[in-house]
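# Inside the fold
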Amino acid sequence: MNFDFSHIGPLLIALVVVFAIYRRLRRSFGQQPLRPVRMQVRIVLLLVIGGLLLPAALRSSAFLSAVLAGIVAGVVLAMWGAARTRYLRVSGQLYYVPHTYTGIAVSLLFVGRLVNRLIQVSGTVHATQAAGADSAAQGFAPAGMLQSPSTLGLYFVLMGYYVCYYSMVLWKSKRVVAEEVSSPPLSGEVEKRA
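The present account deals with the structure reproduced in this document. (Residues numbered from 1 in each chain as written. Predicted model: local features only at pLDDT ≥ 70, side-chain atom pairs only at ≥ 80, totals over all residues. Heavy atoms only, no water.)

### So, the packing of aromatic side chains
- Counted under the stated rule, the structure contains six aromatic pairs.
- Look at Tyr161 and Tyr165: their rings are 5.5 Å apart centre to centre, the planes differ by 5 degrees, and that puts the pair in the stacked class. Linking Tyr161 with Tyr165, this pair stays in helix α6 (residues 149-175), spanning four residues, or about one helical turn.
- A relative accessible area of 3% places Tyr165 in the buried class.
- An angle of 50 degrees between the planes, with centres 6.2 Å apart, marks the rings of Tyr165 and Tyr166 as tilted. Pair check on accessibility: Tyr165 and Tyr166 agree, each one buried.
- When the ring centre of Phe63 is taken as origin, the NZ or CZ atom of Arg59, which lies over that ring, is 4.4 Å away. (Phe/Tyr/Trp six-rings, centres within 6.5 Å; stacked < 30°, edge-to-face > 60°. Helix = DSSP H or I, 4+ residues; strand = E, 2+ residues; numbered from the N terminus. Buried < 20%, exposed > 50% of the residue type's maximum accessible area, 1.4 Å probe, protein only. Lys NZ or Arg CZ within 6 Å of the ring centre and 35° of its normal.)

Okay, here's the thing in structure tokens:
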């Protein structure tokens, strides 16, 4: 019995995507340690990828308007979420508690578009295999991902959100005063409230 190794690549990609989605959703809940260097690296990476995608936005007015709408939507969501972000100090370490619903909304936009794209690619792959073509991987290639203004616009929603949100969290964390930093309740206080 021979094992078909051609299915390992898509399986590994699927596992990495599932893990990335899990980590993204996990960061939408509860207190997160403030790690300025990681946030700055993420900001730079998102901006670099966005800069590399900008030539695709200049192809047509539909792509350009999707990019601009995506950036505006991302920045508005980030400002909304950052205004509702709380800060905690635990054992001298500063934590931030992101606005849960905003983070979930942005994550669900990404997951929804990813699932939609995977369904489209799956249909394309099955159609090319039925026609006898041997180009199953072309449907998920980066060039294939840039065929849709909504895919590009959604990336810029994510980019606008995370660049703005992380920038605001970093900025506010340097200026947060003691009155704005809440301390977590002690275990005895939680039991008394219940």
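### Overview of the pairing of strand β2 (residues 86-90)
- In this structure, β2 lies alongside strand β3 (residues 93-97), joined through five bridges in antiparallel fashion. Pairing of Arg89 across the sheet is with Leu94, part of β3.
- Connecting β2 to the antiparallel partner β3 that follows it, the hairpin turn spans two residues, and Ser91 within it adopts a positive phi of roughly 50 degrees. (Pairing = 2+ DSSP bridges.)

### Section: the side chain of Thr102
- In this fold, Thr102 is placed in helix α4 (residues 100-130).
- Since its relative accessible area comes to 4%, Thr102 is described here as buried.
- For Thr102, the contacting residues outside a window of four places in its chain are Leu77, Trp80, Gly81 and Tyr161. (Contact = heavy atoms within 4.5 Å.)

### Details of the packing of helix α2 (residues 36-57) against α6
- Taken N-terminus to C-terminus, the directions of α2 and α6 make an angle of 150 degrees; their axes are 9 Å apart at the nearest point. It follows from the interaxial angle that α2 and α6 lie roughly antiparallel. Two packed elements cross with a definite hand, and for α2 against α6 that hand is left-handed.
- Residue classes in the contact of α2 with α6 are distributed as 19 nonpolar, three polar and one charged. (Axes fitted to C-alpha atoms, helices over the stretch in contact; angles between N-to-C directions. Parallel < 35°, antiparallel > 145°, perpendicular 65-115°, else oblique. Left-handed = near helix turned anticlockwise from the far one by under 90°. Nonpolar A, V, L, I, M, F, W, Y, C, P; charged D, E, K, R; others polar.)

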